[in-house]
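Structural overview
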Amino acid sequence: MLRSAPRLYLVTPEVADAGAFSPELQAALAAADVAAVLLRLQTADSHTLIGRVRTLAPIVQQRNVALVLDGHPDIVARTGADGAQLAGLAAFSAARGALKPACIAGCAGLRTRHDAMLAGEQGADYVLFGERQGQGRRPAFAAVLERVAWWAELFEVPCVGYAETQAEIAPLAEAGADFVALDFVWTDARGVGKAVAEAAARLSQRELVA
């Protein structure tokens, strides 16, 4: 199966102050090619959440980058976001009708192969493997690579692999991930721009040797 070269998928920290976060987001997006941003929002009332998304959406979308909300499918249309990622098959199944076909509907929190296959059958625009779940636990990286490789070999629905370090980026891409998600760049001592640029370079190196 011929797959496109993998691209970066940035996952934000939980955003409480959109104005304060804007410069960091701009620096990240200016540093390299990014396919999408998963916007995580600190808990607040609906009005506040909508305001945060509307502040950040233009920064992302003016670069032709997709803005996906982590949850909150009910405010996607009101904010102009491009879609939402839902955690778990039940949440995805409940929200997909309101999102598709106009908006992106991604599915994470997939604990079993069976759940992943069901999400694909129900029209998920992508599935995500490797993120931290209950109590901050993450599967062993070898297990994440195995799940990504299995999916990439058998299914056409795009797959996102979650990298916790720079060193995990190339292996996920080699395993067949269409997108590599990462959130560690925001805390890099060198600054988010340099961290994103390095991540993109690691993907480019992978493409040269593939």
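The structure under discussion appears in the preceding block.
In this report, we go over the structure that sits alongside the text. (Residues numbered from 1 in each chain as written. Predicted model: local features only at pLDDT ≥ 70, side-chain atom pairs only at ≥ 80, totals over all residues. Heavy atoms only, no water.)

Focus on the nonpolar core
Leu10, Leu25, Leu29, Val37, Phe129, Leu182 and Val185 are the most contacted members of the largest nonpolar core, which totals 64 residues. Top contributing element to this core by residue count: helix α2 (residues 46–61), with seven residues. Contacts of leucine 25, omitting those with residues within four sequence positions, involve Val37, Leu56, Ile59, Val60 and Trp186. Among the nonpolar cores identified, the runner-up in size contains twelve residues, and Ala36, Ala108, Leu128 and Val160 belong to it. (Core = buried A, V, L, I, M, F, W, Y, C linked by side-chain atoms within 4.5 Å. Buried < 20%, exposed > 50% of the residue type's maximum accessible area, 1.4 Å probe, protein only. Helix = DSSP H or I, 4+ residues; strand = E, 2+ residues; numbered from the N terminus. Contact = heavy atoms within 4.5 Å.)

Here we look at the pattern of salt bridges
Counted according to the given criterion, the structure contains eleven salt bridges. Measuring nitrogen to oxygen at the nearest pair gives 3.0 Å for the salt bridge that ties arginine 138 to glutamate 168. Taken together, the residues arginine 138 in the loop between β6 (126–129) and α6 (141–154) and glutamate 168 in the loop between β7 (159–163) and α7 (169–175) connect sequence positions 30 residues apart. Exposure class is identical for arginine 138 and glutamate 168. Each is buried. The closest approach of N and O atoms between glutamate 198 and arginine 190, which form a salt bridge, is 2.7 Å. (Salt bridge = Lys/Arg side-chain N within 4 Å of Asp/Glu carboxyl O.)

Considerations on the packing of aromatic side chains
Counted by the stated rule, this structure contains six aromatic pairs. Where tryptophan 150 meets tryptophan 151, the ring centres are 5.7 Å apart and the plane angle is 70°; that geometry is what we call edge-to-face. Its relative accessible area of 11% is what places tryptophan 150 among the buried residues. Here a set of aromatic residues connected by ring pairs shows up, and it is made of Phe129, Trp150, Trp151 and Phe155. (Phe/Tyr/Trp six-rings, centres within 6.5 Å; stacked < 30°, edge-to-face > 60°.)

Let's talk about the packing of helix α5 (residues 113–121) against α6
As a packed pair, α5 and α6 sit with axes 12 Å apart at the nearest point and diverge in direction by 40°. By the angle between their axes, α5 is oblique relative to α6. Regarding α5 and α6, the two cross each other, and that crossing is right-handed. Contact residues: α5 offers Arg113, Ala116, Met117 and Gly120, while α6 offers Glu146, Arg147, Trp150 and Trp151. Of the residues contributing to the contact of α5 with α6, the split by class is four nonpolar, one polar and three charged. (Axes fitted to C-alpha atoms, helices over the stretch in contact; angles between N-to-C directions. Parallel < 35°, antiparallel > 145°, perpendicular 65-115°, else oblique. Left-handed = near helix turned anticlockwise from the far one by under 90°. Nonpolar A, V, L, I, M, F, W, Y, C, P; charged D, E, K, R; others polar.)

Let's talk about the side chain of threonine 79
Considering the arrangement of structural elements, one finds threonine 79 in helix α3 (residues 76–79). Within the structure, the side chain of threonine 79 is placed 2.9 Å from the backbone oxygen of isoleucine 75, a separation counted as a polar contact. What threonine 79 contacts, discounting residues up to four positions off in sequence, is Ile50, Val53, Arg54 and Leu69. (Polar contact = N/O pair within 3.5 Å; in protein donor to acceptor, adjacent residues only side chain to side chain.)

Some thoughts on the layout of surface pockets
Considering only enclosed or pocket space, the largest pocket measures out at about 340 Å³ in volume. The wall of the largest pocket is formed by 18 residues, among which Arg40, Asp70, Glu131, Arg132 and Tyr162 lie closest to the centre. At the level of elements, β2 (34–41) and β4 (83–87) are the ones that each hand at least two residues to the lining of the largest pocket. The dominant element in the lining of the largest pocket, judged by the number of residues it contributes, is β4, at three residues. Within the lining of the largest pocket, the residues separate by chemical class into seven nonpolar, four polar and seven charged. When its volume is computed, the second largest pocket comes out at roughly 180 Å³. Elements with a contribution of two residues or more to the lining of the second largest pocket: β6 and α6. Looking at the lining of the second largest pocket, the element that brings in the most residues is α6, giving four residues. Of the residues contributing to the lining of the second largest pocket, the split by class is six nonpolar, two polar and four charged. (1 Å grid on protein atoms, 1.4 Å probe; cavity = no way out; pocket = protein on both sides within 12 Å on 5 of 7 lines; lining within 4 Å. Points joined across faces, edges and corners; volume = space filled by probe spheres on them.)

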